[in-house]
Amino acid sequence: MSPGLPPVAPDVTAELVGALSPRLRKRLDAGVAKLAGRPAVVDGDTVRVAVDDDTDLELHAPGGVVSSTDAIRCGCLLAPDCLHRAAIASAAPVADASVADASAADEVTDEVAEPAATTAAPPNPDTTEGSAPPPESDLAEGSATPPHRDPATAVPAIQPRADAPANTATPRKPNPTTATAVPPDPDPTATPAQLSAAQALHAAAAAVLEAGTDGAGAVVQAELLRAAHTARLAGLPRAAASAVAVVTGLRAARGGDPAYRLADLVTALHAVLGAAHRLPRATGPELAALRGSVRQAYTPDGSLRLYGLFSEPVLTATGYAGAVTWTADADGRLHTVSDVAPGGPGRAVGAAERAVRIGDTALTHRELSRAGLAVSGATVSPTGRLGAGKKVRAVRAAGVAWDGDPLDRLWAVPVAEQALRALSEDGHDLLFLDVTLLGTVREAAGDCLLADCGGLTVRLAAAHDHPALPDRENLRLLAAAPGSRLRVVVRLAPAPHARALLLATAHPTDPAARVDLGFDRLQRADLPADTPTAPVAAAVTASAPDEPPLHLLRRRVHQAASGGRRVLAFPGDSASDARRLGRAGLATAGDLLDELHAAAAERDRDAFGRLIPADAGRFARAWLGAAQYTAEVDRALCAAAWGAEPETA
């Protein structure tokens, strides 16, 4: 993606690419590569890009988003039927409709809607710089998350132990204490339009899987964007958002974006194919979850007394930036206030000093994270997001320390119970931990901070890797203070070992103060006086326990998403890998691996001996089964790593 370009609506890109002649479509990827490096000049709502010395492209983006084909103009002789308009649209970020809808919702929440009968999976932690931030997933049920678990194929469900204390933290989706009664679903089964949209999504996603990142150029991406737009119009915003996330991942991979993560692309592709596969068979709550909702419904919640917890920056791969501030009420329920809009790292860095948009309060996000808020006429979405309508009144109030009531209740919940909530489909993904810093351990993506949490060794990684944000430097500085006991807020990062993204911490020398690691910069003077000048080795071993060889199947799932069907079509060691999986008690994984290779290698011939095109549908189904299986087993391993015991449902 070219820096400086405004986000372009998916249907705009799809329409421009669809209008190209077959000859120009063959040249589209070269055109995208040529324009991607051109500087963009911003003049109000207009962005200009020089094609050459005599030709300019103009993108008109009122509100920060290019929303029509007429908003992209080219000065060349072939315009408007030229290649340049489609190329610049394909080089720009894809507009995230869920963020735009939620921003608009902040201005109209005086008219409170009934909550939609939807639930959604927790957000994927890093579709963007470091992690998939909560604002996008809180604003709409459209995050790129794995599809609903199929009880017929899933591993045993994870349930809390019978002796585990009740969870006192508020579930993220939905909040039963604030939501009104859900009306009956008027469409108990998918509509014909939704079924048609699901077929289009499946075909477009299967084409991406067939080609891999190298082969999924602008034309293949445009077909998926067209299917995403159709799905959104048909009432499938969650699947549409997942399809947009796939396109964003493809562009990041093809453009060499350092923020690109293959695991994120796999997750998004899994979500699209899973939703398209399950939709024709789904009913009731499962169907509602697959559909999602375009905009979160806000319900009245009377008067609230809120206490600031922390703030975190938002920096997405789709061209949005800002901040979200987390608060808790007197009952320990979590609520969020966010400010997310089109922008880049600069907007994310400065978002902490922007005023909170609730009532007439002049509090900034940084101030609210340490103070309190008294709200009357409050409106709250099922995710805990606070509305900002004209009837809402808010004034500044006193805050409390993390060890004071009611915030202290969040840290009182056992770690295993918190992890189960974070892994469930109806809980937020934050963990509140008391840790002792141990040192660092080196990983492929960089150093992780090791910490002891009640006998459990946890790896704490930076929530953002962008150099404009201080997360990484703060992590390095904390690693220089082994032995420090800290109260922290983290976001669970699914892994077969205890791993989390560090968001906020108590100050190393002043426990009553707190540090938002995405906004505040620690200094050497903030560390205890007796800390060494360099990080020391970990006091305990950081090696993970022996794990089942699930990586033998997972790497094939990732290879297919990266290289396409052809990388699995060549003869290899699949038979030996399947036998190894069987010996480890993962016979189903071995069968899925065999089917994945068989589907990739299958090529029939016609009566004249000519090769028939491969069955993309069979390969997509085989890949989906393998991806679903690995996701479920990974979830079970993650729960076990945090001390939760899987039990048969």
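Residues numbered from 1 in each chain as written. Predicted model: local features only at pLDDT ≥ 70, side-chain atom pairs only at ≥ 80, totals over all residues. Heavy atoms only, no water.

### Observations concerning the overall build of the protein chain
Line of reasoning, step 1. Scanning the protein chain for helices and strands turns up 21 helices and 15 strands.
Line of reasoning, step 2. Counting across all 649 residues of the protein chain, residues that qualify as buried make up 55%.
Line of reasoning, step 3. Of the roughly 25,700 Å² that the protein chain leaves accessible, carbon and sulfur atoms contribute 55%. (Helix = DSSP H or I, 4+ residues; strand = E, 2+ residues; numbered from the N terminus. Buried < 20%, exposed > 50% of the residue type's maximum accessible area, 1.4 Å probe, protein only. Areas by Shrake-Rupley, 256 points an atom, 1.4 Å probe, with all protein chains shown as cover.)

### Quick notes on the side chain of Asp577
Line of reasoning, step 1. Relative to the helices and strands, Asp577 resides in helix H19 (residues 574–583).
Line of reasoning, step 2. Within the structure, Asp577 has its side chain in polar contact with the side chain of Arg555 (distance 3.4 Å). (Polar contact = N/O pair within 3.5 Å; in protein donor to acceptor, adjacent residues only side chain to side chain.)

### Re helix H17 (residues 551–563)
Line of reasoning, step 1. Its 13 residues give H17 an end-to-end C-alpha distance of 17 Å, which sits within 8% of 18 Å, the value for a rise of 1.5 Å per residue.
Line of reasoning, step 2. Among all positions in H17, only Leu552, Leu553, Arg556, Val557, Ala560, Ala561 and Gly563 are buried.
Line of reasoning, step 3. Residues of H17 that are buried sit in contact with helix H7 (192–215), helix H10 (262–278), helix H18 (566–569), H19, helix H20 (587–601) and helix H21 (616–641).
Line of reasoning, step 4. Gly564 sits one or two residues past H17 and shows a positive phi near 85°. (Expected span 1.5 Å × (residues − 1). Contact = heavy atoms within 4.5 Å.)

### A few points about the packing of aromatic side chains
Line of reasoning, step 1. Scanning the entire structure with this criterion turns up three aromatic pairs.
Line of reasoning, step 2. Between the aromatic rings of Phe310 and Trp326, the centroid separation amounts to 6.2 Å while the plane-to-plane angle is 10°, which identifies the pairing as stacked. With a gap of 16 residues between them, Phe310 in strand E5 (residues 299–315) and Trp326 in strand E6 (residues 320–328) connect regions that are remote in the sequence. Residues Phe310 and Trp326 agree in their burial class; the two are buried.
Line of reasoning, step 3. Where Trp402 meets Trp411, the ring centres are 5.0 Å apart and the plane angle is 35°; that geometry is what we call tilted. Taken individually, Trp402 and Trp411 each receive the classification buried, so the pair is uniform in this respect.
Line of reasoning, step 4. Ring pairs connect the aromatic residues Trp402, Trp411 and Phe432, which therefore count as one cluster. (Phe/Tyr/Trp six-rings, centres within 6.5 Å; stacked < 30°, edge-to-face > 60°.)

### Here we look at the sheet that holds strand E2 (residues 46–50)
Line of reasoning, step 1. A sheet is described by the order of its strands in space; here four strands give the open sequence E1-E2-E3-E4, paired in antiparallel fashion. A strand with exactly one partner marks an edge of an open sheet, and here the two such strands are strand E1 (40–43) and strand E4 (72–74). Shown here is a sheet whose adjacent strand axes are inclined to one another by a mean of 20°, direction ignored.
Line of reasoning, step 2. Two elements, E1 and E2, share four bridges in a ladder whose sense is antiparallel. Bridge pairing in E2 links Ala40 to Val49.
Line of reasoning, step 3. Across the sheet, helix H4 (residues 83–91) lies against E2, strand E3 (56–60) and E4, angled at about 135° from E4, the strand it touches most. (Pairing = 2+ DSSP bridges. Axes fitted to C-alpha atoms, helices over the stretch in contact; angles between N-to-C directions.)

### Thoughts on the nonpolar core
Line of reasoning, step 1. Leu201, Val246, Leu269 and Trp623 are the most contacted members of the largest nonpolar core, which totals 61 residues.
Line of reasoning, step 2. Every element with two or more residues in this core is listed here: H7, helix H8 (218–233), helix H9 (237–254), H10, helix H11 (284–291), H17, H20 and H21.
Line of reasoning, step 3. Among the elements that take part in this core, H21 stands out by supplying nine residues, more than any other.
Line of reasoning, step 4. Setting aside residues up to four positions removed in sequence, Leu269 forms contacts with Ala205, Val208, Leu209, Val246, Ala561 and Trp623.
Line of reasoning, step 5. In this structure, Leu420, Ala422, Leu517 and Leu527 belong to the second largest nonpolar core, which totals 35 residues. (Core = buried A, V, L, I, M, F, W, Y, C linked by side-chain atoms within 4.5 Å.)

### Observations regarding unusual backbone geometry
Line of reasoning, step 1. The peptide bond linking Ala79 to Pro80 adopts the cis configuration, its omega dihedral lying at 5°.
Line of reasoning, step 2. With respect to the helices and strands, the residue Pro80 is situated in the loop between E4 and H4.
Line of reasoning, step 3. At the junction of Asp405 and Pro406, the peptide bond is cis and its omega measures out at 10° in the coordinates.
Line of reasoning, step 4. Along the chain, the position of Pro406 falls in the loop between strand E9 (393–397) and helix H14 (408–412).

### Here's the deal with the confidence of the model for the protein chain
Line of reasoning, step 1. Averaged over every residue, the pLDDT of the protein chain is 81; residues scoring 70 or more account for 81%.
Line of reasoning, step 2. For the stretch residues 533–544, pLDDT sits under 50, and the model shows 19 contacts to residues farther than four places along the chain or on other chains. (pLDDT = per-residue confidence, 0-100.)

### Description of the sheet that holds E6
Line of reasoning, step 1. The five strands are arranged E7-E6-E5-E8-E9 in an open sheet whose pairing can be described as antiparallel. This sheet does not close on itself; its edge strands, each paired only once, are strand E7 (334–342) and E9. Put simply, the sheet's adjacent strands are angled 35° from each other on average, direction ignored.
Line of reasoning, step 2. When E5 meets strand E8 (residues 372–380), the two strands line up antiparallel, connected through seven bridges. Directly across from Arg305, in E8, lies its bridge partner Ala374.

### Quick look at a negative patch on the surface
Line of reasoning, step 1. A contiguous patch of negative charge, built from Asp52, Asp53, Asp54 and Asp56, is present on the exposed surface.
Line of reasoning, step 2. Following the sequence through the fold, Asp56 ends up in strand E3.
Line of reasoning, step 3. Since its relative accessible area comes to 40%, Asp56 is described here as partly exposed. (Patch = residues over 30% accessible without salt bridge, like charges linked within 9 Å, V, L, I, M, F, W, Y side chains within 5 Å. Salt bridge = Lys/Arg side-chain N within 4 Å of Asp/Glu carboxyl O. Lys, Arg positive; Asp, Glu negative; His and termini not counted. Charge placed at Lys NZ, Arg CZ, Asp CG, Glu CD.)

### A few points about the packing of H7 against H17
Line of reasoning, step 1. Running from N to C, H7 and H17 cross one another at 70°; their axes reach a closest spacing of 4 Å. By the angle between their directions, the pair H7 and H17 is classed as roughly perpendicular. Facing H7, whose interface residues are Leu209, Ala211, Gly212, Thr213 and Asp214, H17 presents Ala560, Ala561, Ser562 and Gly563.
Line of reasoning, step 2. The residue makeup of the contact of H7 with H17, split by class, is four nonpolar, four polar and one charged. (Parallel < 35°, antiparallel > 145°, perpendicular 65-115°, else oblique. Nonpolar A, V, L, I, M, F, W, Y, C, P; charged D, E, K, R; others polar.)

### Some details on the pairing of E2
Line of reasoning, step 1. Joining the antiparallel neighbours E1 and E2 is a turn of two residues, in which Gly44 adopts a positive phi near 65°.
Line of reasoning, step 2. In terms of strand pairing, E2 meets E3 through five bridges, oriented antiparallel. Opposite Val47, over in E3, you have Leu59 as the bridge partner.
Line of reasoning, step 3. The antiparallel hairpin formed by E2 and E3 contains five residues in its connecting segment.

### Topic: the environment of Thr509
Line of reasoning, step 1. Looking at the secondary structure, you find Thr509 in the loop between strand E14 (499–506) and strand E15 (514–516).
Line of reasoning, step 2. Given a relative accessible area of 44%, Thr509 falls into the partly exposed group.
Line of reasoning, step 3. A C-alpha to C-alpha distance of 9.0 Å links Thr509 and Ala529, two positions 20 residues apart in sequence.
Line of reasoning, step 4. A polar contact of 3.1 Å, which involves the side chain of Thr509, links it to the side chain of His507.
Line of reasoning, step 5. Within the structure, Thr509 has its side chain in polar contact with the backbone oxygen of Asp526 (distance 3.5 Å).

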